Amino acid sequence: PFEVLIVGGGPAGAAAAIYAARKGIRTGVAAERFGGQVLDTMDIENFISVSRTEGPKLASALEAHVKDYDVEIMNLQKATKLIPARTEGGYHEVVLENGASLKGRTLILSTGARWRQMGVPGEDEYRNKGVAYCPHCDGPLFKGRRVAVIGGGNSGVEAAIDLAGIVAHVTLIEFDSQLRADAVLQRKLASLPNVKIITSALTSKVDGNGDRVTGLSYKDRNSGEEHDIELEGIFVQIGLVPNTEWLKDTVALSPRGEIEIDARGETSVPGIFAAGDCTTVPYKQIVIAMGAGSTAGLSAFDYLIRLPAS
Ligand code: FAD
């Protein structure tokens with residue numbers, strides 16, 4: 001059994017592992033895919049103090065840094081069930097997909113999130129080649145270009161406002177007959193000269209030239225007609241889904257399925273902490289996940305030293 005068992009090996013889990021291991025306590029990381037979302041990223045320009053890096057490079061640096069310490073990495077292990085300790089200070093159990101189970105006196109949940117995809121032809125093919133999910137990350141790469149934002153909820157409208165200040169033109173595409181974002185955001189959006197809003201539109205295809213995105217097609221849901229738009233970038237903003245399905249009825253989750261944490265990263269269950277994109281933390285970014293993972297690692301240690309000696 002581990003003193004600190006971390007579930008998830010992205011930036012949050014890696015930071016938690018390093019902080020815990022540096023306290024000399026038995027630390028393990030179980031991850032479905034060590035590296036996490038970073039593996040799906042190409043250019044990273046907001047990893048502070050590093051002007052530019054690439055996802056796969058950062059992911060191997062994460063793993064190398066964790067391996068500097070005595071941390072047991074269990075890669076390709078998917079957690080399917082959490083059984084919290086029955087008594088305070090007892091072991092929490094994490095059941096894996098292969099039937100085995102791991103135990104930790106404290107747990108740090110850092111299973112991240114995934115962007116909801118449109119599921120249309122061309123979306124996967126042009127991911128990182130014009131199809132993007134994170135305006136904070138990739139917005140500046142489209143300076144002076146034309147982009148679309150898919151989704152008229154708060155995140156879509158925020159993204160469109162943000163991008164309008166950077167890119168040449170933004171087309172916001174909403175499936176419903178009206179935007180769902182807060183009125184104040186909608187007013188701000190409507191005031192911008194380089195934004196066009198199209199409602200009742202179903203995006204049907206991402207077009208490209210083999211190398212990069214060149215446009216998109218959508219169907220007007222009222223007339224049934226297909227339309228094409230020429231552009232260089234598409235930001236998909238139809239939801240970020242936390243990887244917390246396996247935690248139902250254990251730790252408290254928000255209505256969106258995010259793990260609720262306090263300022264120390266503690267969940268509703270004593271001894272279980274969480275960090276990164278799977279939590280209620282505002283803004284989902286690498287440096288933020290790393291900070292939160294470090295907080296959770298230190299909080300787990302604090303919890304352990306306060307347990308009565310056994
Ligand atoms: P994740 O990176 O999602 O890691 C989650 C970990 O948990 C993974 O190891 C995963 O395999 C594992 N896991 C999930 N479910 C289970 C389970 N049931 N059992 C076991 N393990 C599980 N951020 C930036 O700051 N700058 C950028 O430029 C940037 N670009 C991005 C580009 C793309 C295309 C994407 C998708 C994201 C980008 N982000 C960027 C966001 C950034 O990658 C995330 O904020 C960050 O990776 C979150 O870290 P995390 O550790 O919380 O979660």
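Along every chain, residues carry numbers that run from 1 in the direction the sequence is written. Residue-level local features of this predicted model are given only where pLDDT is at least 70; pairs of side-chain atoms are given and counted only at 80 or more, and the full residue set underlies all totals for whole chains, interfaces and linings.

Engineer: Mind laying out the overall build of the protein, listing which residues take part and the relevant values?
Structural biologist: Tallying secondary structure elements over the protein gives six helices and 19 strands in all. Rg of the C-alpha trace for the protein: 21 Å, near the compact-globule value of 19 Å for 310 residues, within the 12% margin. Taking the principal axes of its C-alpha atoms as reference, the protein extends roughly 70 × 35 × 35 Å. Counting other C-beta atoms within 10 Å of its own, a residue is labelled buried from 20 upward, exposed at 12 or fewer, and partly exposed in the gap between, with every C-beta atom placed from the backbone. Looking at the protein residue by residue over its 310 residues, the buried ones come to 42%. Two residues form a contact once the distance between their C-beta atoms, set from the backbone, is within 7 Å. Within the protein, residue pairs in contact and separated by at least 24 positions form 61% of the contacts whose partners lie at least 6 positions apart. Numbering of helices and strands starts at the N terminus; helices are DSSP runs of H or I of at least 4 residues and strands are runs of E of at least 2. When we talk radius of gyration, it's over C-alpha atoms, and the globule rule is simply 2.2 Å times the number of residues to the 0.38.

Engineer: Break down the pairing of strand E2 (residues 27–31) for me, citing the residues and quoting the values.
Structural biologist: Counted residue by residue, E2 has five buried out of five residues, so it is predominantly covered. Burial of the side chains of E2 extends over both faces: Thr27, Val29 and Ala31 are buried on one face and Gly28 and Ala30 on the other. Two strands pair when backbone bridges link them, and strand E1 (residues 2–7) and E2 are joined in this way by four bridges, in the parallel orientation. Residue pairing in the sheet places Ile6 in a bridge with Val29 of E2. Crossover handedness is defined by viewing with both strands directed away from the observer: a clockwise path from the first strand over the helix to the second marks the crossover as right-handed. Considered for its hand, the β-α-β crossover made up of E1, helix H1 (residues 11–21) and E2 is right-handed. Strand pairing requires that DSSP identify at least two bridges connecting the strands. Note that E2 and strand E5 (residues 71–75) share five bridges and pair parallel. Its bridge partner being in E5, Ala30 is matched across the sheet by Met74.

Engineer: So what about the site of the ligand? Which residues, and what values?
Structural biologist: Near residues are defined by distance alone, with the backbone-placed C-beta atom required to lie within 6 Å of the molecule or strand. As a matter of local geometry, the ligand sits amid 38 residues, with Gly8, Gly10, Gly36, Gly112 and Gly276 nearest to it. Breaking the shell around the ligand down by element, the ones donating at least two residues are H1, E2, strand E9 (113–115) and helix H6 (286–305). Gly counts as polar in this scheme, as do all residues outside two lists: the nonpolar Ala, Val, Leu, Ile, Met, Phe, Trp, Tyr, Cys and Pro, and the charged Asp, Glu, Lys and Arg. Partitioned by chemical class, the residues of the shell around the ligand number 18 nonpolar, 14 polar and six charged.

Engineer: Would you mind going over the pairing of strand E11 (residues 146–150) in detail, with residue names and values included?
Structural biologist: The side chains of a regular strand alternate, residue by residue, between the two faces of the sheet. Most of E11 sits inside the fold, with four of its five residues counted as buried. Where E11 lies against strand E12 (residues 169–173), five bridges are found, and the strand directions are parallel. Of the residues in E12, the one forming a bridge with Ala148 is Thr171. Assessed by its sense of winding, the connection that carries the chain from E11 through helix H4 (residues 154–164) to E12 is right-handed. Both E11 and strand E17 (residues 233–236) contribute to a ladder of four bridges, which runs parallel. In the strand pairing of E17, Ala148 is matched with Ile234.

Engineer: Tell me about the packing of H1 against H6, residues and numbers included.
Structural biologist: What counts as an axis is a line fitted to C-alpha atoms, over the stretch in contact for a helix, and the angles between N-to-C directions run from 0 to 180 degrees. The interhelical angle for the contact between H1 and H6, taken along N-to-C directions, is 35°, at an axis separation of 7 Å. Handedness of the crossing formed by H1 with H6: right-handed. Residues Pro11, Ala12, Gly13, Ala14, Ala15, Ala16, Tyr19 and Ala20 of H1 touch H6, and the partners they reach there are Ile286, Ala289, Met290, Ala292, Gly293, Ser294, Ala296, Gly297, Leu298, Ala300 and Phe301. Residues that form the contact of H1 with H6 fall into these classes: 15 nonpolar, four polar and no charged. Each helix crossing is assigned a hand: it is left-handed if the near helix lies turned anticlockwise from the far helix by less than a right angle, otherwise right-handed if that turn is clockwise.

Engineer: Explain the sheet that holds strand E16 (residues 226–230) residue by residue, including any values.
Structural biologist: Pairing is antiparallel in the open sheet, where three strands are placed in the order E14-E15-E16. Among the strands making up the open sheet, the edge pair consists of strand E14 (201–208) and E16. Ignoring which end each strand starts from, the neighbouring axes of this sheet average 25° apart. Relative to strand E15 (residues 213–220), E14 is paired through seven bridges, and the arrangement is antiparallel. Following the sheet pairing, Thr203 is matched in E15 by Tyr218.

Engineer: I'd like a rundown of the environment of Ser101, residues and numbers included.
Structural biologist: Among the secondary structure elements, Ser101 is positioned in strand E8 (residues 101–109). Residues Ser101 and Val287, spaced 186 residues apart in sequence, show a C-alpha to C-alpha distance of 31 Å. Once residues lying within four places of it in the same chain are set aside, the contact partners of Ser101 are Glu93, Val94, Val95 and Leu96.

Engineer: Account for H1, naming residues and giving values.
Structural biologist: Within an α-helix, residues lying three or four positions from one another point in the same direction, as the helix has 3.6 residues per turn. Of all 11 residues in H1, 11 are buried, a share of seventy percent or more. All of the buried residues in H1 are Pro11, Ala12, Gly13, Ala14, Ala15, Ala16, Ala17, Ile18, Tyr19, Ala20 and Ala21. Among the structural elements, E1, E2, helix H2 (55–67), E5, E8 and H6 are those in contact with the buried residues of H1.

Engineer: I'd like a description of the sheet that holds E11, backed by residues and values.
Structural biologist: Taking strand neighbours across the sheet as the criterion, the five strands line up as E10-E17-E11-E12-E13 in an open arrangement whose pairing is parallel. Every interior strand has two partners, whereas the edge strands, strand E10 (131–132) and strand E13 (195–198), have only one. Across the sheet, H4 touches E11, E12, E13 and E17, and the angle it forms with E11 is around 165°.

Engineer: How would you explain the nonpolar core if you had to name every residue and give the values?
Structural biologist: Note on terminology: a nonpolar core is any set of buried Ala, Val, Leu, Ile, Met, Phe, Trp, Tyr and Cys residues joined through C-beta atoms within 7 Å. Of all hydrophobic cores here, the largest spans 50 residues; its most connected members are Ala16, Ala17, Ile108, Ala274 and Ala275. Elements represented by at least two residues in this core include exactly E1, H1, E2, H2, strand E6 (79–83), E8, strand E19 (272–274) and H6. For this core, the leading source of residues is H1, giving nine residues. Apart from the residues lying within four places of it in its own chain, the contact partners of Ala275 are Ala12, Ala16, Ile108, Ser110, Gly265, Ala289, Ala292, Gly293, Thr295 and Ala296. Counting residues in hydrophobic clusters, the runner-up holds 33 residues, among them Met118, Phe142, Leu172 and Ala181.

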